[in-house]
Amino acid sequence: MFSRKINKRTLESFLQPLDPFEDPKVHLEQYQTPPDIAAELFFLVSMQLGPEEFEGQRVADFGCGTGIFSLASAALGAEAVHAFDVDTDCLAIAARNVEESGMTAVELIQTDLLVWTPPPSEKPFDTVVMNPPFGAQETETNNGIDAKFIEKAVESCSGNVYVLLNGKSRVRIMKNCEKKGYECDLMVKDIEFPVPKIFKFHKQKTANIKCDFFRISDAK
Amino acid sequence: MRLLSHNLLMCNVKGCSENNYPLRILVQKSKIIEAELNPDFLRKLVTKLDWKGLHTTLISLDFHKFPEQLAEDDWKNEEFLKELHNVLMQTHIIEGKLVCPNCQREYPIVNGIPNMILKDSELK
């Protein structure tokens, strides 16, 4: 963990050298969160909600990919970070990133979050962070996956759930939160998330997906 | 995988809904990686856990020094804190298996990562 004086630039430069996806999978929507965006968002949470969102807490990262959000949480002082993902390949990269960064607080679990259920005692996590599959690929399996991840997170978290989502999902997610009685705070909108031409169907070199960053919690 | 993560995992095979938590642990390879002891975090963590289930798991792993029921005094005991910290936060299971006590389904632990992915036939 860094000293309390960690600033946004330190966080960004810590995240910069982490290994990205090697062979991103289309059906899993594996888009790399740029280090500067991750640093910006985590820093914003620290400033607005307080460093105690991460410091000394038990955090979960739903759909950790290569581990960027997990490592950012650890860098901000999380005592334990549980990083979940379904994909063997990206977990191997995340494991490498965890090892090389020396952040022993981060633990990896391979599971399908749509199948995983929280343990039968109290909600285990203090904070959940996630950048779930965007659902930009509107296939049968991907549709509404973001909402399902959010529900699973709220079910297992006693504090706040921070989600980076496709801007196109904004209305649907806010409606879903209202229906479920969740507190839903749109912290940042229209974040330009660059998606490089890594998939065959992309026409331009890079395209920007406009994203939203939410804080969601169980209001009850 | 540490016991810290183990307590998050249960068997989700179709039809397996009783006696599916906690999972039994078979350790093939483990190692100790030191981490800073944080008594407040430990206490908060354990308060949220099912201590009975954890105790059973500890016994199965040959950690016999822990009481069946926790008392306030235990938290003031340095030895207890150090031992608890060691098993929950410092002991990493690198290779092994998690086994469902109900259906006996085995989940492999490879390179410290438990694999809970089920086959299509095991899901609803």
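Quick note: structure is the one above.
Now for a description of the structure that goes with this document. (Residues numbered from 1 in each chain as written. Chains lettered and ligands numbered in written order. Predicted model: local features only at pLDDT ≥ 70, side-chain atom pairs only at ≥ 80, totals over all residues. Heavy atoms only, no water.)

### So, the overall build of chain B
Looking only at helices and strands, one finds four helices and four strands in chain B. For chain B, the α and β elements follow one another from N to C terminus as α-β-α-α-α-β-β-β. Over its C-alpha atoms chain B spans a radius of gyration of 15 Å, differing by no more than 12% from the 14 Å that the globule rule assigns to 124 residues. For the C-alpha atoms alone, the extent of chain B along its principal axes is close to 50 × 30 × 25 Å. A buried classification covers 47% of the 124 residues belonging to chain B. Summarising the internal contacts of chain B: among those between residues at least 6 apart in sequence, 66% fall at separations of at least 24. Total accessible area computed for chain B in this model is approximately 6800 Å², and 48% of it derives from carbon and sulfur atoms. Of the charged side chains in chain B, 16 are positive and 17 negative; the average position of the first set lies 7 Å away from that of the second. (Helix = DSSP H or I, 4+ residues; strand = E, 2+ residues; numbered from the N terminus. Rg over C-alpha atoms; globule rule 2.2 N^0.38 Å. Buried < 20%, exposed > 50% of the residue type's maximum accessible area, 1.4 Å probe, protein only. Contact = heavy atoms within 4.5 Å. Areas by Shrake-Rupley, 256 points an atom, 1.4 Å probe, with all protein chains shown as cover. Lys, Arg positive; Asp, Glu negative; His and termini not counted. Charge placed at Lys NZ, Arg CZ, Asp CG, Glu CD.)

### Describing the sheet that holds strand β2 (residues 91–99) of chain B
Residues and elements named next belong to chain B. Taken in spatial order, the four strands line up as β1-β2-β3-β4 in an open sheet, and their pairing is antiparallel. The strands lining the two open edges of the sheet, one partner per strand, are β1 (24–32) and β4 (113–114). Here β1 pairs with β2 via eight bridges, running antiparallel. In the sheet register, Lys31 faces β2, and the bridge partner there is His92. Contacting β1 and β2, helix α4 (residues 78–90) runs over the sheet at an angle of about 65° to β2. (Pairing = 2+ DSSP bridges. Axes fitted to C-alpha atoms, helices over the stretch in contact; angles between N-to-C directions.)

### Re the pattern of salt bridges
Tallying each qualifying case throughout the model produces 20 salt bridges over all chains. The closest approach of N and O atoms between Arg170(A) and Asp212(A), which form a salt bridge, is 2.5 Å. Placement of the pair is Arg170(A) in helix α6 (residues 170–180) and Asp212(A) in strand β7 (residues 206–218), with a sequence separation of 42 residues. Exposure remark for Asp212(A): the relative accessible area of 0% places this residue in the buried category. Lys76(B) serves as the salt-bridge partner of Asp73(B), at 3.9 Å between the closest nitrogen and oxygen. Classification of Asp73(B) by relative accessible area gives exposed; the value is 58%. (Salt bridge = Lys/Arg side-chain N within 4 Å of Asp/Glu carboxyl O.)

### Let's talk about the nonpolar core
Grouped together as the largest cluster of nonpolar side chains are 59 residues, with contacts concentrated most on Phe62(A), Ile216(A) and Leu88(B). Setting aside anything within four residues of it in sequence, one finds Ile216(A) in contact with Ile150(A), Val154(A), Gly159(A), Asn160(A), Val161(A), Val163(A), Ile173(A), Cys177(A), Tyr182(A), Glu183(A) and Cys184(A). (Core = buried A, V, L, I, M, F, W, Y, C linked by side-chain atoms within 4.5 Å.)

### Section: the interface of chain B and chain A
Counting residues at the interface gives 30 residues for chain B and 30 residues for chain A. Both faces combined, the contact of chain B with chain A buries some 2400 Å², and carbon together with sulfur accounts for 56% of it. Among the residues of chain B in contact with chain A, Leu8(B), Lys48(B) and Ile113(B) are the three that bury the most area, contributing 29% of the side total. Linking chain B with chain A are three salt bridges, by the criterion used here. Between Asp126(A) and Lys44(B) there is a salt bridge, with its nearest N and O atoms 3.3 Å apart. (Buried area = accessible area lost by both parts, 1.4 Å probe.)

### Describing helix α2 (residues 35–49) of chain A
An ideal rise of 1.5 Å per residue puts 21 Å on 15 residues; α2(A) measures up with 21 Å between its terminal C-alpha atoms. In the stretch just after α2(A), Gly50(A) is the one whose phi turns positive, near 105°. (Expected span 1.5 Å × (residues − 1).)

### Quick word on the packing of aromatic side chains
Inspection of the entire model under this criterion finds twelve aromatic pairs over all chains. A ring pair is formed by Phe84(A) and Phe125(A), whose centres lie 6.2 Å apart and whose planes are at 80°; its orientation type is edge-to-face. Residue Phe84(A) is located in strand β2 (residues 80–85), and its partner Phe125(A) is located in strand β4 (residues 125–130); the two are separated by 41 residues in the primary sequence. An identical accessibility class is assigned to Phe84(A) and Phe125(A); each is buried. Residue placement shows Arg105(B) over the ring face of Tyr107(B); its charged tip is 4.6 Å from the ring centre. (Phe/Tyr/Trp six-rings, centres within 6.5 Å; stacked < 30°, edge-to-face > 60°. Lys NZ or Arg CZ within 6 Å of the ring centre and 35° of its normal.)

### Comments concerning the packing of helix α1 (residues 8–15) of chain A against helix α3 (residues 68–75) of chain A
Residue and element names in this part refer to chain A. Contact geometry for α1 and α3: axes closest at 10 Å, N-to-C directions at 135°. In terms of orientation, α1 and α3 fall into the oblique class. The two elements α1 and α3 meet at a crossing, and its hand is right-handed. Residue-level inspection shows Leu11, Phe14 and Leu15 of α1 in contact with α3, the latter providing Ile68, Leu71, Ala72 and Ala75. Looking at the contact of α1 with α3, its residues break down into seven nonpolar, no polar and no charged. (Parallel < 35°, antiparallel > 145°, perpendicular 65-115°, else oblique. Left-handed = near helix turned anticlockwise from the far one by under 90°. Nonpolar A, V, L, I, M, F, W, Y, C, P; charged D, E, K, R; others polar.)

All we've got here are geometric facts, nothing functional implied.
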